[in-house]
Amino acid sequence: MLPPVEVRALVTRLIREDWGRILSSLVSSTGDYGLAEDSLQDAVVSALEQWPRKGVPRHPDAWMITVARRKALDRIRRSQTALRKSSDLTLWLEQHRNDPEDRAMMIPDHRLEMIYTCCHPALEEKSRVALTLRALGGLTTAEIAGAFLDKTETMAARLTRAKKKLRAAGIAFKLPEPEDLHDRTDAVLRVIYLIFTEGHWSSDGQMSRTDLVNEAIRLGRILTGLLPDHAEAKGLLALMLLGDSRRLARKGDDGAFLPLEAQNRARWDRAKIREGGALVETALSMGPAGPYAIQAAISALHANAASFTATDWPQIVALYEVLAQRQPNPIVRINQAAALSYAKGPQAGLSLLDTLCVDDKLNGYQPYHACRADLLARLGRRQDAAASYRTAISLAVAPEDKAFLSNRLRALTAP
Amino acid sequence: MQYMLLIYGQEGTGPQPGTDEFGPFMQGYMDFTQKMKDAGKLVSGDALQPIATATTVAVRDGKSETLDGPFAETKEQLGGYYLLDCPDLDDALKCAAEIPTAKYGRVEVRPVVIWD
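Since we're looking at a predicted model, the values are computed, not measured.

On to the overall build of chain B. Each helix and strand in chain B was counted, giving two helices and six strands. Based on the C-alpha atoms only, the size of chain B along its principal axes is roughly 45 × 45 × 20 Å. Going through the 116 residues of chain B one by one, you find that 28% of them count as buried. Once local pairs closer than 6 in sequence are excluded, the contacts in chain B between residues at least 24 apart make up 78%. When the accessible surface of chain B is split by element, carbon and sulfur atoms take 55% of a total near 7600 Å².

Glancing now at the interface of chain B and chain A. Contacts between the two partners involve 10 residues from chain B and, on the opposite side, 15 residues from chain A. Summed over both sides, the interface between chain B and chain A buries roughly 900 Å², with carbon and sulfur atoms accounting for 49% of that surface. Across the contact surface, chain B and chain A share four salt bridges. Lys 174 of chain A is paired through a salt bridge with Asp 88 of chain B; the nearest N and O atoms lie 2.8 Å apart. Remark: the boundary between chain B and chain A carries five residue pairs in polar contact (both at pLDDT 80 or more). Here the residues of the side of chain B that touches chain A are counted per class, giving six nonpolar, no polar and four charged.

Below, the discussion takes up the pattern of salt bridges. Under the criterion given, the structure shown has 33 salt bridges over all chains. The network of salt bridges with shared partners includes Asp 244, Arg 247, Asp 269 and Lys 272 of chain A.

A word on the packing of helix H1 (residues 4-30) of chain A against helix H2 (residues 33-54) of chain A. Residue and element names in this part refer to chain A. One way to put it is that H1 packs onto H2 with a least axis distance of 9 Å and a crossing angle of 155°. Taken as axis vectors, H1 and H2 run roughly antiparallel relative to one another. For the element pair H1 and H2, the recorded crossing hand is right-handed. Split into classes, the residues belonging to the contact of H1 with H2 amount to 20 nonpolar, two polar and two charged.

Residues and elements named next belong to chain B. In terms of burial, strand S4 (residues 63-68) is largely open, as just zero of its six residues are buried. The pairing of strand S3 (residues 55-60) with S4 spans six bridges and is antiparallel. Among the inter-strand pairings, Thr 55 is bridged to a residue of S4, identified as Asp 68. Between the end of S3 and the start of S4, which pair antiparallel, lie two residues, with Asp 61 showing a positive phi angle near 50°.

Moving on, we come to the environment of Ala 54 of chain B. Summarising the element assignment, Ala 54 of chain B is placed in the loop between strand S2 (42-47) and S3. For Ala 54 of chain B and Thr 33 of chain B, which are 21 residues apart along the polypeptide, the C-alpha to C-alpha distance reads 25 Å.

So, about the packing of aromatic side chains. Tallying each qualifying case throughout the model produces 11 aromatic pairs over all chains. Both rings, one in Phe 308 of chain A and one in Tyr 342 of chain A, keep their centres 4.8 Å apart while their planes meet at 85°; by these two values the pair is edge-to-face. You can see Phe 308 of chain A sitting in the loop between helix H14 (291-303) and helix H15 (313-326) and its partner Tyr 342 of chain A sitting in helix H16 (residues 330-344), a full 34 residues away along the chain. Here a set of aromatic residues connected by ring pairs shows up, and it is made of Phe 22, Phe 25, Tyr 29 and Tyr 104 of chain B. Positioned above the aromatic ring of Trp 268 of chain A is the side chain of Arg 246 of chain A, whose terminal nitrogen or guanidinium carbon lies 5.4 Å from the ring centre.

You can read the domains of chain A as domain 1 (4-95), domain 2 (110-222), domain 3 (229-311) and domain 4 (325-415). For domain 1 of chain A versus domain 4 of chain A, the separation of C-alpha centres amounts to 54 Å.

Looking now at the sheet that holds S2 of chain B. All names here are of chain B. Taken in spatial order, the four strands line up as S2-S5-S1-S6 in an open sheet, and their pairing is antiparallel. Each of the sheet's edge strands pairs with one partner strand only, and the pair in question is S2 and strand S6 (106-111). Recorded for the sheet is a direction-independent mean angle of 20° between the axes of neighbouring strands. Two elements, strand S1 (residues 2-9) and S6, share six bridges in a ladder whose sense is antiparallel. Paired with Ile 7 across the two strands is Val 107, which belongs to S6.

Residues and elements named next belong to chain A. With 27 residues, H1 ought to run about 39 Å at 1.5 Å a step, yet its terminal C-alpha atoms sit only 31 Å apart, falling short of that. Residue Asp 18 marks the point of greatest curvature in H1, where the axis turns by about 70°. With its phi angle positive at about 70°, Gly 31 sits one or two positions after the end of H1.

Analysis parameters
Residues numbered from 1 in each chain as written. Chains lettered and ligands numbered in written order. Predicted model: local features only at pLDDT ≥ 70, side-chain atom pairs only at ≥ 80, totals over all residues. Heavy atoms only, no water. Helix = DSSP H or I, 4+ residues; strand = E, 2+ residues; numbered from the N terminus. Buried < 20%, exposed > 50% of the residue type's maximum accessible area, 1.4 Å probe, protein only. Contact = heavy atoms within 4.5 Å. Areas by Shrake-Rupley, 256 points an atom, 1.4 Å probe, with all protein chains shown as cover. Buried area = accessible area lost by both parts, 1.4 Å probe. Salt bridge = Lys/Arg side-chain N within 4 Å of Asp/Glu carboxyl O. Polar contact = N/O pair within 3.5 Å; in protein donor to acceptor, adjacent residues only side chain to side chain. Nonpolar A, V, L, I, M, F, W, Y, C, P; charged D, E, K, R; others polar. Axes fitted to C-alpha atoms, helices over the stretch in contact; angles between N-to-C directions. Parallel < 35°, antiparallel > 145°, perpendicular 65-115°, else oblique. Left-handed = near helix turned anticlockwise from the far one by under 90°. Pairing = 2+ DSSP bridges. Phe/Tyr/Trp six-rings, centres within 6.5 Å; stacked < 30°, edge-to-face > 60°. Lys NZ or Arg CZ within 6 Å of the ring centre and 35° of its normal. Domains from an automatic or database assignment. Expected span 1.5 Å × (residues − 1). Bend = angle between axes of the 7 residues up to and from the residue.

Right, here's the structure in full:
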């Protein structure tokens with residue numbers, strides 16, 4: 001017998017670690033996301049009520065599934081809607097009603113189906129992110145809302161809409177057809193990366209946002225485990241680990257963002273760097289490198305450099321070139337210009353930057369002005385640099401960025 | 001599940017009657033219809049007359065108002081539809097992508113309500 005407090009802690013841990021696996025298994029057998037989720041919630045309530053009295057079952061996850069199935073059957077019986085008509089489902093649930101609660105059964109892993117369903121392109125992108133965090137991460141609606149700085153009610157409404165669409169539009173709980181697998185996997189990777197960047201670049205430093213980084217890495221690990229032959233899944237996990245290895249070094253004592261050259265490399269997480277580095281190598285050995293693997297390779301070069309000046313800048317410039325070919329995107333070229341300025345001098349970087357802004361498209365883009373300001377300052381063009389810093393500051397959103405740019409401007413204009 | 005595939009396009013764009021592309025374009029529609037029929041998915045499907053023929057009706061305060069023209073002035077107009085029986089959304093989306101007008105306009109896929 002365990003006291004209720006300890007039971008609650010155990011149930012919380014079970015939900016945290018096993019929610020995705022248990023829910024996926026239930027959706028797979030009921031074919032209905034909403035019914036599965038509601039029934040699992042019912043089972044959680046039963047656990048909290050019964051386990052303190054009757055003791056914790058030997059296999060809590062199997063118990064949850066069995067009880068949730070019974071709860072699903074109860075819900076179908078009570079409901080007067082379409083669910084009642086799905087007699088196949090009722091029959092299946094009936095047959096499995098008396099599965100022993102405590103049997104050590106293999107829970108088939110349907111998390112991959114779940115990931116593809118949550119990241120279905122028919123859902124709005126933000127809903128894909130929210131649903132993935134809910135269904136696979138086991139985060140509560142309030143936690144997801146907190147992570148996105150949304151109101152809980154707003155996030156609840158979004159999740160309800162998404163679940164309703166899964167059901168009403170007939171989005172099947174299945175793996176994509178082989179011909180769609182590539183695009184659909186890209187969508188999954190994108191959702192996981194969005195979760196990571198949301199946490200990584202969070203401007204308020206809330207704990208829940210840091211949790212998003214851990215959550216994204218956890219999802220990345222699940223995906224690489226489920227898709228061992230997918231190079232970009234490995235590339236993405238590597239990119240996230242390497243980026244996160246600098247978590248403690250990225251902010252100065254004044255809260256300002258610290259660029260690579262100002263970071264204390266002793267504070268980088270070596271274990272994450274080792275793991276990320278090994279993953280990049282594997283990903284690169286698996287064939288032509290995709291965008292995540294290339295970005296991870298760049299990040300690994302930074303991570304393994306003894307100092308900022310000892311960084312292999314020519315190699316980084318070359319990798320940005322490969323990336324820009326694959327993913328034409330201004331931020332890639334801006335980063336390339338910065339790398340080029342360390343490989344061949346600030347004038348070379350500025351020349352590349354000038355070729356980018358031919359049509360004024362980047363005028364409203366903070367990183368462009370920040371990069372330009374730095375290059376101008378290093379060329380001794382202090383007036384021009386100060387003007388670019390002021391533009392960048394006016395465009396910056398995150399307080400860390402504003403603080404960093406203001407520090408730079410002050411250093412430049414100091415007598 | 002039944003899905004309504006609503007075919008939208010800008011009138012006057014895409015292959016026009018009398019051009020070399022028009023024949024293969026229409027053949028594409030005939031092939032698609034036959035394919036859906038053979039697969040047991042076709043419930044119905046029709047092309048609509050251009051919006052110049054549209055009349056819109058609304059009843060307000062018990063009075064019927066009749067207006068010349070379509071309900072909404074949009075760049076792309078409803079030009080036809082297919083009602084298909086498909087196993088799931090992915091299949092309906094694949095069918096939608098095979099509709100010849102998808103290359104020039106858009107196809108909106110809407111599940112049909114199942115009344116409990």
